[in-house]
Amino acid sequence: VEYSEFLKPSIEKYIANREMDFEKVKEMDPEKLKQLIEEFLSQENEFKDIQDTKDLGMLQLILDKVKQKLIPSPQTCLRKLKKILPEMAFELGKTLTESLLECNRNLKGIPKTVEDFVWHVRCIRDAENKMEDITNRVSELKDLMQLMDSYSFKYPEPTQRKYKETLTQLDNLRTKMQNFY
């Protein structure tokens, strides 16, 4: 009974892992995702460190089957994260790129008439109003990409291309705004 109490936190973590809603993970910021990855890595080590057997007076508690059941749990969760994080990065990059492309299209060319100039001023103001949110979301995307890199999570080439495209579109918008003034 004494040693089985030691297993209780591990079993609770195992149950929590199995019940984890990975759709909610998609709403986490990169810092929370990092904490989650660290938790799964920690669990993996914790579960591996459980003794195979424990002597209890004249009895011996055999725990190797318990370990075999627990160990894959954080590994499964990490595999799911390795699949979800690139999808999250791609979707965030896609949304940002679309927004940036719209701003860049609106600021295309040099105003030739008063109406064009007024339109440009409106578009510049609209872009300025959006810039803080866009910059924050781009930072979130950068953090997400760095998180995947720091844990050696592989991501598909389209995710990398979308990330680079997002950064390029942001630079283009900033340049157009600076050139207008």
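Everything below is about the structure printed above this text.
Residues numbered from 1 in each chain as written. Predicted model: local features only at pLDDT ≥ 70, side-chain atom pairs only at ≥ 80, totals over all residues. Heavy atoms only, no water.

S.K.: Can you lay out the overall build of the protein chain for me, pointing to particular residues and giving the numbers?
M.R.: A tally of helices and strands in the protein chain yields seven helices and two strands. In summary, the protein chain has a C-alpha radius of gyration of 25 Å against a globular reference of 16 Å for 181 residues, an excess of more than 25%. Principal axes of the C-alpha set define a box for the protein chain whose edges measure 95 × 25 × 20 Å. Long-range contacts, defined here as pairs at least 24 residues apart, represent 77% of the contacts in the protein chain between residues at least 6 apart. When the accessible surface of the protein chain is totalled, it reaches about 11,800 Å², and 51% of it is carbon and sulfur. Of note, the protein chain has its 31 positive side-chain charges centred 5 Å away from the centre of its 33 negative side-chain charges. (Helix = DSSP H or I, 4+ residues; strand = E, 2+ residues; numbered from the N terminus. Rg over C-alpha atoms; globule rule 2.2 N^0.38 Å. Contact = heavy atoms within 4.5 Å. Areas by Shrake-Rupley, 256 points an atom, 1.4 Å probe, with all protein chains shown as cover. Lys, Arg positive; Asp, Glu negative; His and termini not counted. Charge placed at Lys NZ, Arg CZ, Asp CG, Glu CD.)

S.K.: An account of the environment of Q35 is needed here, citing residue identities and associated values.
M.R.: By the element assignment, Q35 lies in helix α3 (residues 30-48). Put simply, Q35 and G57 are 22 residues apart on the chain and 40 Å apart in space, counted from C-alpha to C-alpha.

S.K.: For the side chain of T166, give the residues involved together with the corresponding values.
M.R.: Locating T166 in the fold gives a position in helix α7 (residues 157-180). Within polar-contact distance, the side chain of T166 engages the side chain of T97 at 2.7 Å. (Polar contact = N/O pair within 3.5 Å; in protein donor to acceptor, adjacent residues only side chain to side chain.)

S.K.: Please set out the pattern of salt bridges residue by residue, giving values where relevant.
M.R.: In the structure shown here, the tally under the stated rule is eight salt bridges. The closest approach of N and O atoms between K13 and E46, which form a salt bridge, is 2.7 Å. Of this pair, K13 sits in helix α1 (residues 2-19) while E46 sits in helix α3, and the two are 33 residues apart along the sequence. The residue K83 makes a salt bridge to E87 at a minimum N-O spacing of 3.0 Å. Within this pair, K83 and its partner E87 are both found in helix α5 (residues 72-106), separated by four residues, close to a single helical turn. For K83, a relative accessible area of 54% puts it in the exposed group. The partly exposed category is assigned to E87, whose relative accessible area is 35%. (Salt bridge = Lys/Arg side-chain N within 4 Å of Asp/Glu carboxyl O. Buried < 20%, exposed > 50% of the residue type's maximum accessible area, 1.4 Å probe, protein only.)

S.K.: Could you give an account of the state of the cysteines, with specific residues and numbers?
M.R.: If you walk through the whole model with that rule in mind, you get zero disulfides. Counting only cysteine sulfurs, C123 is the nearest neighbor of C103, a cysteine outside any disulfide, at a range of 8.1 Å. (Disulfide = S-S within 2.5 Å.)

S.K.: Give me the lowdown on the packing of aromatic side chains, citing residues and values where you can.
M.R.: For the structure shown, the criterion picks out one aromatic pair. With a centroid separation of 6.2 Å and an interplanar angle of 50°, the aromatic rings of Y151 and F153 are classed as tilted. Each member of the pair, Y151 together with F153, is buried. (Phe/Tyr/Trp six-rings, centres within 6.5 Å; stacked < 30°, edge-to-face > 60°.)

S.K.: I'd like a rundown of the pairing of strand β2 (residues 59-62), residues and numbers included.
M.R.: Strand direction decides the pairing type here: strand β1 (residues 53-56) and β2, joined by four bridges, are antiparallel. Along β2, the bridge assignment pairs D55 with Q60. (Pairing = 2+ DSSP bridges.)

S.K.: So what's going on with the environment of D143? Which residues, and what values?
M.R.: The topology assignment puts D143 in helix α6 (residues 114-150). Along the primary structure D143 and A89 are separated by 54 residues, whereas in three dimensions their C-alpha atoms are 9.7 Å apart.

S.K.: Go over the packing of α5 against α6, please, and point to the residues and values.
M.R.: Packing of α5 against α6 leaves a shortest axis separation of 9 Å and a crossing angle of 160°. Comparing their axes, α6 and α5 come out roughly antiparallel. As α5 runs across α6, the sense of the crossing is left-handed. (Axes fitted to C-alpha atoms, helices over the stretch in contact; angles between N-to-C directions. Parallel < 35°, antiparallel > 145°, perpendicular 65-115°, else oblique. Left-handed = near helix turned anticlockwise from the far one by under 90°.)

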